[in-house]
Amino acid sequence: MKIDLHVHTRLSRDNDCDPDALFRRAKEIGLDALCITEHHSVLVSAAHEPVAARHGIRLFRACEASTAWGPLLL
């Protein structure tokens, strides 16, 4: 399985990537899955589930939290 494990969309406000374009491109380059790691909430990425399904890409969800030691992926 080919997967990208740390991807943001415009929902994180540090990337201007449209979710539909992101999943379309993932399919074009042969990825099987993406792990969307929006900031501070795993719930935010739930909106991406129907988009991922439409493109045939498996979606894993995580979040990125800011800590005193730097970013932490959960």
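Our subject is the structure listed above.
What you see is a predicted model, and the numbers here were worked out from it, not measured in a lab.

**Q** Hey, could you go over the pairing of strand β4 (residues 70-73) for me, with residue numbers and the actual values?
**A** The pairing of strand β3 (residues 58-67) with β4 spans four bridges and is antiparallel. Paired with Ser 66 across the two strands is Pro 71, which belongs to β4. The turn joining β3 and β4, which pair antiparallel and follow one another in sequence, is formed by two residues.

**Q** Account for the environment of Val 44, naming residues and giving values.
**A** Of note, Val 44 is situated in the loop between β2 (33-39) and α2 (49-55). You can call Val 44 partly exposed: its relative accessible area is 32%. Apart from residues no more than four positions distant in its own chain, Val 44 is found in contact with Leu 11 and Glu 38.

**Q** Residue-level account of the side chain of Glu 38, with values.
**A** Here Glu 38 lies in strand β2. Despite its burial, Glu 38 remains without a salt bridge, the nearest opposite charge being carried by Arg 10 at 8.8 Å. Side-chain polar atoms of Glu 38 contact the side chain of His 48, separated by 3.1 Å. Setting aside anything within four residues of it in sequence, one finds Glu 38 in contact with His 8, Thr 9, Leu 11, Ser 12, Val 44, Ser 45, His 48, Ala 62, Cys 63 and Glu 64.

**Q** Which residues make up the side chain of His 8, and what values go with them?
**A** Structurally, the position occupied by His 8 is in the loop between β1 (3-7) and α1 (19-28). For His 8, a relative accessible area of 12% translates into the label buried. Side-chain polar atoms of His 8 contact the backbone oxygen of Thr 37, separated by 2.7 Å. Not counting residues within four places of it along the chain, the set of residues in contact with His 8 comprises Asp 14, Asn 15, Cys 17, Thr 37, Glu 38, His 39 and Glu 64.

**Q** Explain α1 to me, and be specific about the residues and the numbers.
**A** For α1, the set of buried residues is Pro 19, Leu 22, Phe 23 and Ala 26. Axial view of α1: buried residues confined to an arc of 90°, hence all on one face. Among the structural elements, β1, β2, α2 and β3 are those in contact with the buried residues of α1. Put simply, Asp 18 is the residue that caps the front of α1, since its side-chain oxygen is 3.2 Å from the backbone nitrogen of Asp 20.

**Q** Summarise the nonpolar core; cite the residues concerned and give the values.
**A** Considering soluble globular proteins, one finds that nonpolar side chains tend to be buried as a cluster. Among the nonpolar cores identified, the biggest contains 12 residues, and these are Val 7, Cys 17, Leu 22, Phe 23, Ala 26, Leu 31, Leu 34, Ile 36, Val 51, Ala 52, Ile 57 and Leu 59. Taken together, the elements giving at least two residues each to this core come down to α1, β2 and α2. The element best represented in this core is α1, accounting for three residues. Apart from residues lying up to four places away in sequence, Ile 57 is in contact with Phe 23, Ala 26, Lys 27, Leu 31, Asp 32, Ala 33, Leu 34 and Ala 52.

Each value, and the rule that gives it
- Here the residue numbering is sequential within each chain, running from 1 through the sequence in written order.
- A pLDDT threshold of at least 70 governs which residues receive local features in this predicted model, and a stricter bar of 80 or more applies before side-chain atom pairs are shown or counted, although totals over entire chains, interfaces and linings include all residues.
- As a rule here, side-chain values cover all heavy atoms of the structure and leave hydrogens and water aside.
- The pairing criterion for strands is at least two bridges between them, as found by DSSP.
- Here a helix means four or more residues in a row that DSSP labels H or I, a strand means two or more in a row labelled E, and each is numbered from the N terminus.
- Classification of residues uses two cut-offs on accessible area relative to the type maximum, computed with a 1.4 Å probe and protein chains only: under 20% is buried, over 50% is exposed, and between them is partly exposed.
- Contacts between residues were defined by any pair of non-hydrogen atoms, one from each residue, lying within 4.5 Å.
- Charge counting follows a simple rule: Lys and Arg are positive, Asp and Glu are negative, and His as well as the terminal groups are ignored.
- Any carboxyl oxygen of Asp or Glu that lies within 4 Å of a side-chain nitrogen of Lys or Arg is treated as forming a salt bridge with it.
- The definition of a polar contact used here is a pair of N or O atoms within 3.5 Å, where within protein one atom must be able to donate a hydrogen and the other to accept one, and adjacent residues in sequence count solely through side-chain atom pairs.
- Directions are taken from the helix axis to each C-beta atom, and the arc is the one they span.
- Joining through side-chain atoms within 4.5 Å is the link that ties buried Ala, Val, Leu, Ile, Met, Phe, Trp, Tyr and Cys residues into a set, and such a set is a nonpolar core.

Any functional reading would require information beyond the geometric quantities listed.
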